[in-house]
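# Structure assessment
Listed below, chain by chain, are the residues.
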Amino acid sequence: MIKAENLYFRYTEGEAETPFALNGVNLEIKEGEFVVIIGHNGSGKSTLSKLMNGIHTPTEGRIVIDGIDTSNEDQIWEIRKRAGMVFQNPDNQLVATIVEEDVAFGPENLGLPSEEIRHRVDEALDTVHMSAYKRKAPHHLSGGQKQRVAIAGILAMKPKCIIFDEPTAMLDPSGRKEVVQTIEHLNKNEKITVIHITHYMDEAIHADRVLVMDRGKIVMEGTPKQVFSKVDELRALGLDVPQVTLVSHKLKTMGYAVSDENLTVDELVAELCRLS
Amino acid sequence: MSIIIKALTHIYDKGTPNETVALDHIDLEIASGEFVGLIGHTGSGKSTLIQQMNGLLKPTAGDIIVNNLEITKGLELPKKQRKKYAAERKKQLIEVRKKVGLVFQYPEYQLFEETVEKDIAFGPQNLGLVESHVKQRVMDAMALVGMDYETYKDKSPFELSGGQKRRVAIAGVLAMKPDVLILDEPTAGLDPQGRDEILGQLKTLHDQEQLTVIIVSHSMEDMAKIANRLIVMNQGKVVLDGTPKDVFKEIETLEAIGLAVPQISYLIRALNEKGFALPDDIITVQGAIDAIQNVLEKRAK
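What counts and what doesn't
All residue numbers here refer to positions counted from 1 along the written sequence of the relevant chain. Here every chain gets a letter starting at A, and every ligand a number starting at 1, in the order they are written. Thresholds applied to this predicted model are a pLDDT of at least 70 for local features of residues and 80 or more for the giving and counting of side-chain atom pairs; totals over whole chains, interfaces and linings are not thresholded and use all residues. Note: side-chain values were computed over all heavy atoms of the structure, leaving out hydrogens and water. UniProt positions are given in the numbering used here, feature names are shortened, and annotations may be inferred rather than shown by experiment. Secondary structure counts use DSSP, requiring at least four H or I residues in a row for a helix and at least two E residues in a row for a strand, with both numbered from the N terminus. Radius of gyration means the value over C-alpha atoms here, while the globule rule gives 2.2 Å times the residue count to the 0.38 power. Residue exposure (1.4 Å probe, protein chains only): buried if accessible area is under 20% of the type maximum, exposed if over 50%, otherwise partly exposed. When checking whether two residues touch, look at their non-hydrogen atoms; a contact exists if any pair is within 4.5 Å. Where accessible areas are quoted, they stem from the Shrake-Rupley method and a 1.4 Å probe; at the residue level, only the protein chains shown are allowed to cover. A residue counts as positive if it is Lys or Arg and as negative if it is Asp or Glu; His and the chain ends are not included. Working definition for charges: the position is that of NZ of Lys, CZ of Arg, CG of Asp or CD of Glu. The source of the domain bounds is an automatic or database domain assignment. Simply put, the buried area is the total loss of 1.4 Å probe accessible area from both parts when two parts are fitted together. Salt bridges, as used here, are contacts in which a Lys or Arg side-chain nitrogen is within 4 Å of a carboxyl oxygen on Asp or Glu. Cavity means a closed set of points on a 1 Å grid over the protein atoms alone, one where a 1.4 Å probe fits but cannot get out, pocket means an open set with protein on both sides within 12 Å along at least 5 of 7 lines, and lining means a residue has an atom within 4 Å of a point. Grid points are joined across faces, edges and corners, and a volume is the space filled by probe spheres set on the points. Each residue gets one label: Ala, Val, Leu, Ile, Met, Phe, Trp, Tyr, Cys and Pro are nonpolar, Asp, Glu, Lys and Arg are charged, and the others, such as Gly, are polar. N or O atoms closer than or at 3.5 Å make up a polar contact, with two conditions inside protein: a donor-capable atom paired with an acceptor-capable one, and, for residues adjacent in sequence, both atoms drawn from side chains.

Chain B is annotated in an unreviewed UniProt entry as Energy-coupling factor transporter ATP-binding protein EcfA2 of Fusibacter paucivorans. Per UniProt, chain B has the following entry under Function (unreviewed entry): "ATP-binding (A) component of a common energy-coupling factor (ECF) ABC-transporter complex." In the Subcellular location (unreviewed entry) part of its UniProt record, chain B is described as follows: "Cell membrane".

An unreviewed UniProt entry annotates chain A as Energy-coupling factor transporter ATPase originating from Fusibacter paucivorans. Per its UniProt entry, chain A bears the Subcellular location (unreviewed entry) comment "Cell membrane". What the UniProt record of chain A gives under Sequence similarities (unreviewed entry) is the line "Belongs to the ABC transporter superfamily."

## Thoughts on the overall build of chain A
Helices and strands together make up the secondary structure of chain A, namely ten helices and ten strands. Computed over its C-alpha atoms, the radius of gyration of chain A comes to 20 Å, within 12% of the 19 Å expected for a compact globule of 276 residues. Dimensions along the principal axes, computed over C-alpha positions, put chain A at roughly 65 × 50 × 30 Å. Residue burial in chain A is summarised as follows: out of 276 residues, 56% are buried. If you take every contact in chain A between residues at least 6 apart in sequence, the share linking residues at least 24 apart comes to 62%. Counting every atom, chain A has about 12,100 Å² of accessible surface; 47% of that belongs to carbon and sulfur. The distance from the centre of the 31 positive side-chain charges to the centre of the 42 negative ones in chain A is 3 Å.

## Description of the domain arrangement of chain B
All names here are of chain B. As assigned here, chain B comprises domain 1 (3–261) and domain 2 (262–301). Centre-to-centre, using C-alpha coordinates, domain 1 lies 35 Å away from domain 2. Between domain 1 and domain 2, the contact holds twelve residues from the first and nine residues from the second. Taking both sides of the interface into account, the surface hidden between domain 1 and domain 2 amounts to around 960 Å²; carbon and sulfur atoms contribute 64%. Together, Lys245, Lys249 and Val261 form the three largest contributors to the area buried by domain 1 at its contact with domain 2, with a combined 44%. Our enumeration of links across domain 1 and domain 2 arrives at two salt bridges.

## What to know about empty space enclosed by the protein
All names here are of chain B. Across all of its chains, the model carries two cavities of 30 Å³ or more by this definition. Put simply, the largest cavity is a space of about 70 Å³. As for the largest cavity, its lining consists of Gly55, Leu57, Lys58, Pro59, Ile64, Ile71, Thr72, Leu75, Arg89 and Leu93. Taken together, the residues of the lining of the largest cavity break down into six nonpolar, two polar and two charged. In this structure, the second largest cavity is lined by Val145, Arg167, Ile170, Leu174, Ile198, Gln201, Leu202 and Leu205. Looking at the lining of the second largest cavity, the elements that each hand over two or more residues are helix H6 (162–174) and helix H7 (192–209). A per-element tally of the lining of the second largest cavity places H7 first, with four residues. Split into classes, the residues belonging to the lining of the second largest cavity amount to six nonpolar, one polar and one charged.

## Some remarks on the UniProt feature "domain: ABC transporter" (unreviewed entry) in chain A
Here the UniProt feature "domain: ABC transporter" (unreviewed entry) sits at residues 2–240 of chain A. Annotated as residues 2–240 of chain A, this span is 33% helix and 23% strand, and its ends, taken at the C-alpha atoms, are 27 Å apart.

## Topic: the interface of chain A and chain B
Facing 33 residues of chain A, the contacting portion of chain B comprises 33 residues. When chain A packs against chain B, close to 2,800 Å² is buried across both sides, 66% of that on carbon and sulfur atoms. Sorting the residues of chain A by area buried against chain B places Asp172, Pro173 and Gln243 of chain A first, and these three jointly supply 20% of that buried surface. Between the two partners, chain A and chain B, sit one salt bridge. The partner of Asp240 of chain A in a salt bridge is Arg195 of chain B, and the shortest N-O contact between them spans 2.8 Å. Applying the counting criterion to the chain A and chain B interface returns seven residue pairs in polar contact (both at pLDDT 80 or more). Counting residues per element, the ones that place at least two in the side of chain A that touches chain B are helix H6 (173–188), helix H9 (243–253) and helix H10 (265–275) of chain A. Of the residues in the side of chain A that touches chain B, the class split is 20 nonpolar, nine polar and four charged.

What follows is the structure, given as structure tokens:
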């Protein structure tokens, strides 16, 4: 679905040259995968996501989305149709005064017949469980609801892949839960390839694969269990692990027969029950 | 410096179809030197409440007394009689705003000057201080948020990272030398390291400078580590008020209002259901490890 080869990117060239924000990234994301990218601020995660739908084009190397090279300017709209993007701030993404009009904005710009637009909007709102709000004004919605409307707007474009750039950073716990459940549903049931960038480690535990970025490079990669078991390395990169993983890790260092790959409360409880 | 709130009610758009009760008869007393975490889902009234604490919003009813200054004096009277107190109230509000510093959400969006030094100096300059005093305040405030004065003073705030920008914004409020610092989600959007840095500095400000700190937060893990007292709001009311240990025991109440407890609290509860008999007020990773070790050792014997 997404393939990056030897990817380098810097924001400005020439006299005021900035350092490389991406420093040699090689990456392949398969169709239907659920990939979470973590890394501290400035590690290059957001930059990478912006190369994934052609907001930026590589300084060196290349990135191919569903068979299309993003440096191919003629194809930029095709790329954005196939790889949609959801951003951090729910208030910056909604353009219309009525929820359903907002969701219709993308398909309208594709020049689709109106029945098709109607159908896509209804279907998209249904998928994110926001049909009951279709005639409401976006500013009366909660943060989690606004993000789900933003997601519906992307879904109405029928993308194969959605890139989420910290979509939960500004939400409260229940809003976060709504959005995370929506993302997981899209991947599992709608078979959409998901790239999810986050600072919340607990949002990574259901991913197929976790990528850890530092200084513009991918420095760790693996299943959530493989990545989070490397507690000390993650902490050295300024990152956290889920609290349960931390407890498991410390108990293991103290000599107890506990796996350091536990991510959930249930896993650790089961092991501790076996121990005693 | 204490904050006393009595029967405080705030209604937005009163008398219109959009009428919303944001605060519903709140009674609270925050004592000098407390470190308070204010939690609640979006729309529970947290932000409305903190804006009342330094007089940015006028309440619909009720009293607010900050350090013996009654900033709501006379507001309950009919319009004509209210005027009598207007001048006095204005004077008190100016005093209160110097003493109660408010850091909004995403304060880095409010940076506007060419250099870090000028931005932080903006507040103290408006107090009419002489140049050397302003400079001293800027240097002190930067030291408090852990930014080296010489390294950063001439930099544009816009060249800095998100975490650094936020520290500049907080320094701008600290330069006013407040006694109470109120922050609305100071760690939102920061990575774990940036978050720990800001929280660490707030802890230092509280412990060493004796500041009263009130943090609005969605992170139960952070509040478990740092706050002495948690105030939980729902639908404009205070529903729980106590130490983090006591508040996080109320898993059902918190979940019913859209909140969660730290993962550790869930772990302790699940282990106790399996007969581990751990104390139910453990809320930190280290606390959990010690208690689990204790049980495992006993069982091994």
